[in-house]
Number of protein chains: 4
Amino acid sequence: MSTRKMRVGILGATGVVGQRFVELLRDHPWFEIAALAASDASAGKVYRDSCTWRMNGDWPAGAGDLMVQPCVPPLDCELVFSALPASVAGEVEESFAQAGYPVITNSRNHRMDPDVPVLVPEINADHVRILEAQRKWRGYSRGFIVTNPNCSATALVMALAPVHRSFGLRAVQVTTLQAISGAGYPGVPASDLVDNVIPYIAEEEEKIERETKKILGELVDGQFRPDDLALSAQCHRVNVRDGHLEAVSIGLKRPASPEEIRAAWESFSGPPQELRLPSAPARPIVVREEPDRPQPSRDRDAEHGMATVVGRLRPCPVLDYKFVLLGHNTVRGAAGGTILIAEYLRATGWI
Amino acid sequence: MSTRKMRVGILGATGVVGQRFVELLRDHPWFEIAALAASDASAGKVYRDSCTWRMNGDWPAGAGDLMVQPCVPPLDCELVFSALPASVAGEVEESFAQAGYPVITNSRNHRMDPDVPVLVPEINADHVRILEAQRKWRGYSRGFIVTNPNCSATALVMALAPVHRSFGLRAVQVTTLQAISGAGYPGVPASDLVDNVIPYIAEEEEKIERETKKILGELVDGQFRPDDLALSAQCHRVNVRDGHLEAVSIGLKRPASPEEIRAAWESFSGPPQELRLPSAPARPIVVREEPDRPQPSRDRDAEHGMATVVGRLRPCPVLDYKFVLLGHNTVRGAAGGTILIAEYLRATGWI
Amino acid sequence: MSTRKMRVGILGATGVVGQRFVELLRDHPWFEIAALAASDASAGKVYRDSCTWRMNGDWPAGAGDLMVQPCVPPLDCELVFSALPASVAGEVEESFAQAGYPVITNSRNHRMDPDVPVLVPEINADHVRILEAQRKWRGYSRGFIVTNPNCSATALVMALAPVHRSFGLRAVQVTTLQAISGAGYPGVPASDLVDNVIPYIAEEEEKIERETKKILGELVDGQFRPDDLALSAQCHRVNVRDGHLEAVSIGLKRPASPEEIRAAWESFSGPPQELRLPSAPARPIVVREEPDRPQPSRDRDAEHGMATVVGRLRPCPVLDYKFVLLGHNTVRGAAGGTILIAEYLRATGWI
Amino acid sequence: MSTRKMRVGILGATGVVGQRFVELLRDHPWFEIAALAASDASAGKVYRDSCTWRMNGDWPAGAGDLMVQPCVPPLDCELVFSALPASVAGEVEESFAQAGYPVITNSRNHRMDPDVPVLVPEINADHVRILEAQRKWRGYSRGFIVTNPNCSATALVMALAPVHRSFGLRAVQVTTLQAISGAGYPGVPASDLVDNVIPYIAEEEEKIERETKKILGELVDGQFRPDDLALSAQCHRVNVRDGHLEAVSIGLKRPASPEEIRAAWESFSGPPQELRLPSAPARPIVVREEPDRPQPSRDRDAEHGMATVVGRLRPCPVLDYKFVLLGHNTVRGAAGGTILIAEYLRATGWI
């Protein structure tokens, strides 16, 4: 791998996920921001003047001075991260892949395409093999499209994967308590959430159910075979800034003791840890022992927001076990997870 | 039934549940507050000076001027409502029952006693028959002890009962998002709940699991036979003032269509409705059709806080159906539910 | 005054203030809703289908079935209430006044016009006399435009007026802590207010300063002469659903004891109380004695949201006295205040 | 100054301020924690088992394993930081000073003693000279007592000092919107703050008024001469985790333009900056230009929580100027401010 920094572009740079990309790539050892693109309303302005900075602290020095360009190839970069809204992501991402750019995206549009992997590098790094077929089928020369999962699915699948591998999963019930930042900006009006909970997030339950099964599934003969577990999700928006909490019940295929499940979590690691990727959490799964943890405000920053934190493992009278998990939805569940994918692709020579 | 108002006493009158009793009994057509009792710290003071009024509006005229007495019989009344903390409720309630007072209590201490009913008058009014045995076994002459269920169990069992009757329930998964007021005063520190969720409420999951099965069970040959459904609860405290939201999945014993379940809910009623009890909700279960309801702030006051509001009924990939329910935890789930029991006992001649 | 109900129209009926008008006019003894008008996007739909109902409870029976019309005269009614956004209110309101309709508006556009009164009927009912000049200057035959003040100014001026009358005011410092509902819907994003305060509300400080002086001023020779007090406002948005809290310091022209100020507040009343208008608060100013009141959640519903609640009167080391006040911003501070104006105009024969 | 780390003890180590001391002293270049002391309930336990850790992240390795001792001298250390509650701080701190320990305290008890300085090292470092008199009067050999100001006063006085020096202050009006963490743990019940503001904090207004004048005052002939400005404070508790926001109006003795005031802020620095103390903020005052800043969640961590952030400077119709400021109440306003004092005393040879 070359030691030269790779020049990256960000599509949808003015939104919250786009800004999070800019923040997380500040001082990244392998990537440097070379291009920022956004909607026509922002294109042509200096980044600093094109939007309100919603991350903590101040504008990053270099990126703040870049000119925002339209979301049309070519961009002067070797790779694009996409934080585009679903209304436009589909076509724009295809046009960049067609033009030769590797596209690593946080948008949902292509996740369920039969030739696009939904990657969680600790879990299904091997799904990247579909890219050869993708290029052939779509006629891409050097470009491709890789997606990360929905924020809730990301946190969930991390906790499920080691149990799935060791004991098999036949059924999963998950109830989410999701943070406001997951809805983007402006997102949910304050008047809907003060002294309230909203028991509905459009299309979220379907995404969690579908994407989790694709990630835990196998790539056989160039086709994704989703896992056959039964998975049911109920989603809620709660008055929390960052961090999705999920209450989970699981039914196993083979019996396991609580100690065995805990051991599966604590020993879990994968290619990002082996390859010592810059954004890889040392512990992808952090197990807490207190009766009342994980909690969003206290645990979302574990491993710099890149881990899933689990706790309260105990028997479930309906399935086998129940537990609580927490993931940082705008770090590991969005820009951070996408950057980790790029690091994996770089370390393995895909880009 | 006499038209004279019955004189009632309130044990634990200075706490939040005690104050809610006082508020709900203001202008009650059948009961009038004749005695207020509380801990030694408050006894001997005029009610208005004994505590901070935490309900909306001002002190009720009459009750505010009563002298607070110690929680020791005799009190000058015909019936006592108990809002005592669990640390003292057990013995004090027994001493009043022994002294001849019907005791209707919101405290948990006696709920699982084999000779004490946990009453939800729409559902298991017949469980009141155990009181004859209770009197005999305990040597009570005229007194007795009746309990209402835990606030989360109350809202849940209302939504389950009609489905249980019509189709049978084999399994229930419930994840609660509970309001702050359920923890009493001072309850949860604000610094634990700003921008946070606490995924743990001590003993709450056990209470929901046990009490629901007792209420849905049968009284056979003088013994409670709990229902055999598998029930699993996961409890969370969220930043909401009043109203417990619960995400539920149910497995049925006999197949049912969504329309049949909805019909079972909408047609559900029981003795409180037939007897036209003053606090009875016209519709014990309110079904909402919007995709994002019920919500605590918008639906907790349905039927003056005495109903369970349900919504989002849809198939569950793991069990059979999933839905969301909401109940007002300090009205139907506490003082209001207890008063409804008293109304039922009065209308049926038990008091 | 005729006992027949007057037929009213609501401009901007689909927004939050418009919905509040609909809610407050449900069962009004003097007015009935005959017409609802809104933007072209809603016009032509049945009201129930034209927007999401954001008030508590369900759609009002009659109004829910009305067809929404465009905001263009004629409407089949005798009077219009305006809840239009400022971007269109100016011209639309003029067109209705020109067409012969009395227009009573919650919008800011015409408040500072030299021939339009900003009415708080307890305080400056006599300002209504300007309407004769308004009709002459504008060539209105039967129509006219009357405004209510900004929500923060309404609550403030109620507490200031009795002190101003009795002792004169030379200076007022006010810092507001304003509720979310004041920003309309969707208003402030939740992600901006969780664990946060926003120390800025566009144009709010200017409105408070200008309108208060106009209301406390005099109408002399057909011209408004604003009061000469020095008034400084600082405005904040806080995480509260309803109820604006304001911390006030006042400098007096003539010395007064705390008891005299309290007496001025408690004895304050005006035409709405004398005329027993249906929406008039029995006590326009409610004085609380507790050290920590008024509070938004506990005091905003005093007098059905139509009063200003004051407390914590004490000496100010910089001016003379300081105190805290609270007003319900969407009731007295918006639709409720506007309806009270209409009641006053009806009782005095202006409509 | 020796390069050896100084061994420090923490009184009241199990409370939130005590824990913040432990967190901020983790890896401190000049101090190391040698002793932890707390109430009898905690003494004798290992720190890790003596309380719930309420800071983010995990227990600090070393400190977590220390044995908690009673708050009685001797402790095996050279200096004590006090985070004791006011109910016991007075006597305990005196006993340590008497026993020869320098005591640097966050407690309020001794702040207004005529021989105790309230230090903000950027502002009144010279007040430390009173310590010689203190030792003489109290008969302390090597020990002494130094205090930091109340959290709200700290943030305020930082913004006032440069203006005071350059132009003189005749009057200050301040309205605070204070965070929950200022009340300690458990502090304010969540049920008092959801959808609410509390316009009262016991004794806070008096503390702000008194301490600010003492800090801005002079030490003349061994006596503190408080500044003669008129200062009025109104305090509110709002639903924010950390960061006190304050709306301020100031009257100047000598005229100044907004540019001059801004320049006074931006050029402000003092002994901590000159001495390059480890905890000193590079910019003690951070000036923001956006119309809606500072905000607690976005600005409290400026300069690692050690700065006062100001914004919205504009003319005040009553006094001369108004502006908004923000300070991190548990960092600069508590433990962080106290540690900065210790660093100053160390750098200048007092300890």
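Keep in mind that what you see is a predicted model, and the values were worked out from it rather than measured.

Along its length, chain A carries 13 helices and 14 strands. Taken along its principal axes, the extent of the C-alpha atoms in chain A is 60 × 50 × 35 Å. Counting the 351 residues in chain A, one finds 66% classified as buried. Taking as baseline every contact in chain A between residues at least 6 positions apart, the subset at least 24 positions apart corresponds to 75%. Total accessible area on chain A is roughly 12,100 Å²; 48% of this is exposed by carbon and sulfur atoms. In chain A, 38 side chains carry a positive charge and 43 a negative one; their mean positions are 1 Å apart.

Moving on: the environment of Val8(C). All names here are of chain C. Tracing the chain through its elements places Val-8 in strand β1 (residues 6-11). Here Val-8 falls in the buried class, since its relative accessible area comes to 0%. Along the backbone, Val-8 and Leu-36 are 28 residues apart, and their C-alpha atoms lie at a distance of 8.8 Å. Residue contacts for Val-8: discarding those within four places in its chain leaves Leu-25, Phe-31, Glu-32, Ile-33, Ala-34, Ala-35, Cys-77, Leu-79 and Phe-81.

Let us now look at the packing of aromatic side chains. Under the defined criterion, the tally for this structure stands at 25 aromatic pairs over all chains. Plain terms: the ring middles of Tyr47(B) and Trp59(B) are 5.2 Å apart, the flat faces sit at 80° to each other, and that makes the pair edge-to-face. Pair noted here: Tyr47(B) is in helix α2 (residues 47-50) and Trp59(B) is in the loop between α2 and α3 (61-64), with a separation of twelve residues, a long-range link. Pairwise contacts between aromatic rings join Phe21(A), Phe31(A) and Phe81(A) into one cluster. The positively charged end of Lys214(B) is found above the aromatic ring belonging to Phe224(B), 4.6 Å away from the centroid. The positively charged end of Arg54(C) is found above the aromatic ring belonging to Tyr185(C), 3.3 Å away from the centroid.

All right, on to the sheet that holds strand β13 (residues 308-315) of chain B then. Residue and element names in this part refer to chain B. Strand order in the open sheet made by the six strands is β10-β7-β11-β14-β13-β12, with mixed pairing throughout. Each end of this open sheet is capped by a strand with a single partner; those strands are β10 (230-237) and β12 (285-287). The sheet shows a mean angle of 25° between the axes of neighbouring strands, taken without regard to direction. Running over the sheet, helix α7 (residues 151-167) touches β7 (169-178), β10, β11 (244-252), β12, β13 and β14 (321-327) and is turned about 25° from β11. Where helix α9 (residues 204-216) meets the sheet, its contacts fall on β7 and β10, and the angle it forms with β10 comes to roughly 140°.

Relative to chain D, chain C is turned by 180° and slid 0.0 Å along the rotation axis, the superposed coordinates differing by an RMSD of 0.0 Å. Here the transformation between the copies is reduced to the relation of a two-fold axis.

It is worth spelling out the relation of the copies chain D and chain A at this point. Relative to chain A, chain D is turned by 180° and slid 0.0 Å along the rotation axis, the superposed coordinates differing by an RMSD of 0.0 Å. Taken together, the interface assignments show that 90% of the residues at the interface of chain D recur at the interface of chain A, consistent with an identical surface on both copies.

This paragraph deals with helix α13 (residues 331-347) of chain D. Residue and element names in this part refer to chain D. Between its first and last C-alpha, α13 extends only 21 Å over 17 residues, short of the 24 Å set by a 1.5 Å rise per residue. Along α13, 16 of the 17 residues are buried, which leaves the element largely enclosed by surrounding structure. Looking one or two residues beyond α13, the residue adopting positive phi is Gly-349, at roughly 85°.

Residues and elements named next belong to chain A. Segmenting chain A into domains produces domain 1 (6-150 + 335-347) and domain 2 (151-328). In this structure, domain 1 and domain 2 have C-alpha centres spaced 24 Å apart. With 34 residues of domain 1 in contact, the opposing surface of domain 2 contributes 39 residues. Between domain 1 and domain 2 the total buried area reaches about 2,800 Å² when both faces are included, carbon and sulfur atoms providing 65% of it. On the domain 1 side of the interface with domain 2, the three residues burying the most area are Glu-122, Ile-123 and Asn-150, jointly 29% of the side's total.

The next subject is the pattern of salt bridges. Within the structure shown, the criterion is met by 92 salt bridges over all chains. For Arg312(D), the salt bridge is made with Glu205(C), and the minimal N-O distance between the two is 2.9 Å. Residue Arg312(D) is located in strand β13 (residues 308-315), and its partner Glu205(C) is located in helix α9 (residues 204-216); the two belong to separate chains. Given the relative accessible area of 13%, Arg312(D) is considered buried. What emerges from the salt-bridge pattern is a single network uniting Asp58(A), Arg288(D), Glu290(D), Arg293(D) and Asp299(D).

On to the confidence of the model for chain A. Counting all residues, the mean pLDDT for chain A is 96, and 99% of those residues have values of 70 or more. Our summary of model confidence lists the complex with pTM equal to 0.96 and ipTM equal to 0.96.

Overall, the coordinates contain zero disulfides over all chains when judged by the stated rule. Cys316(B) provides the cysteine sulfur closest to Cys316(A), a residue in no disulfide bond, and the two sulfurs are 12 Å apart. Judged by its relative accessible area of 6%, Cys316(A) is buried. Left unpaired, Cys51(B) is separated from the closest cysteine sulfur, that of Cys71(B), by 13 Å.

With that settled, the discussion passes to the interface of chain D and chain A. Across the boundary between the two partners, chain D contributes ten residues, which contact nine residues of chain A. With both chains or domains summed, chain D and chain A bury close to 910 Å², and 24% of this area falls on carbon and sulfur atoms. On the surface where chain D and chain A come into contact, there are two salt bridges. Across the pair Arg288(D) and Asp58(A) runs a salt bridge whose closest N-O atoms are separated by 3.2 Å. In the side of chain D that touches chain A, the residues fall into one nonpolar, three polar and six charged.

Put simply, Arg293(A) and Pro294(A) share a cis peptide bond, and its omega is 5°. Its location among the elements puts Pro294(A) in the loop between β12 (285-287) and α12 (296-299). Between Pro73(B) and the following residue, Pro74(B), the backbone shows a cis peptide bond with an omega angle of 0°. The topology assignment puts Pro74(B) in the loop between β3 (68-70) and β4 (79-82). For Asp27(A), which is not glycine, the phi torsion reads 65° and is therefore positive. Position of Asp27(A) among the secondary structure elements: in the loop between α1 (16-25) and β2 (31-38). A relative accessible area of 69% places Asp27(A) in the exposed class. With a phi close to 50°, Glu303(D) is a non-glycine residue in the positive phi region.

This part is about the interface of chain C and chain D. Across the boundary between the two partners, chain C contributes 49 residues, which contact 49 residues of chain D. Taken together, the two surfaces of chain C and chain D that pack against each other cover about 3,600 Å², and 52% of this comes from carbon and sulfur. Our count for the contact surface shared by chain C and chain D stands at ten salt bridges. We note a salt bridge from Glu209(D) to Lys322(C), for which the minimum N-O separation is 3.2 Å. Linking chain C with chain D are 29 residue pairs in polar contact (both at pLDDT 80 or more). Top contributing element to the side of chain C that touches chain D by residue count: strand β10 (residues 230-237) of chain C, with seven residues. Broken down by class, the residue content of the side of chain C that touches chain D amounts to 25 nonpolar, eleven polar and 13 charged.

Analysis parameters
Residues numbered from 1 in each chain as written. Chains lettered and ligands numbered in written order. Predicted model: local features only at pLDDT ≥ 70, side-chain atom pairs only at ≥ 80, totals over all residues. Heavy atoms only, no water. Helix = DSSP H or I, 4+ residues; strand = E, 2+ residues; numbered from the N terminus. Buried < 20%, exposed > 50% of the residue type's maximum accessible area, 1.4 Å probe, protein only. Contact = heavy atoms within 4.5 Å. Areas by Shrake-Rupley, 256 points an atom, 1.4 Å probe, with all protein chains shown as cover. Lys, Arg positive; Asp, Glu negative; His and termini not counted. Charge placed at Lys NZ, Arg CZ, Asp CG, Glu CD. Phe/Tyr/Trp six-rings, centres within 6.5 Å; stacked < 30°, edge-to-face > 60°. Lys NZ or Arg CZ within 6 Å of the ring centre and 35° of its normal. Pairing = 2+ DSSP bridges. Axes fitted to C-alpha atoms, helices over the stretch in contact; angles between N-to-C directions. Least-squares fit on C-alpha atoms with pLDDT ≥ 70 in both. Expected span 1.5 Å × (residues − 1). Domains from an automatic or database assignment. Buried area = accessible area lost by both parts, 1.4 Å probe. Salt bridge = Lys/Arg side-chain N within 4 Å of Asp/Glu carboxyl O. pLDDT = per-residue confidence, 0-100. Disulfide = S-S within 2.5 Å. Nonpolar A, V, L, I, M, F, W, Y, C, P; charged D, E, K, R; others polar. Polar contact = N/O pair within 3.5 Å; in protein donor to acceptor, adjacent residues only side chain to side chain.

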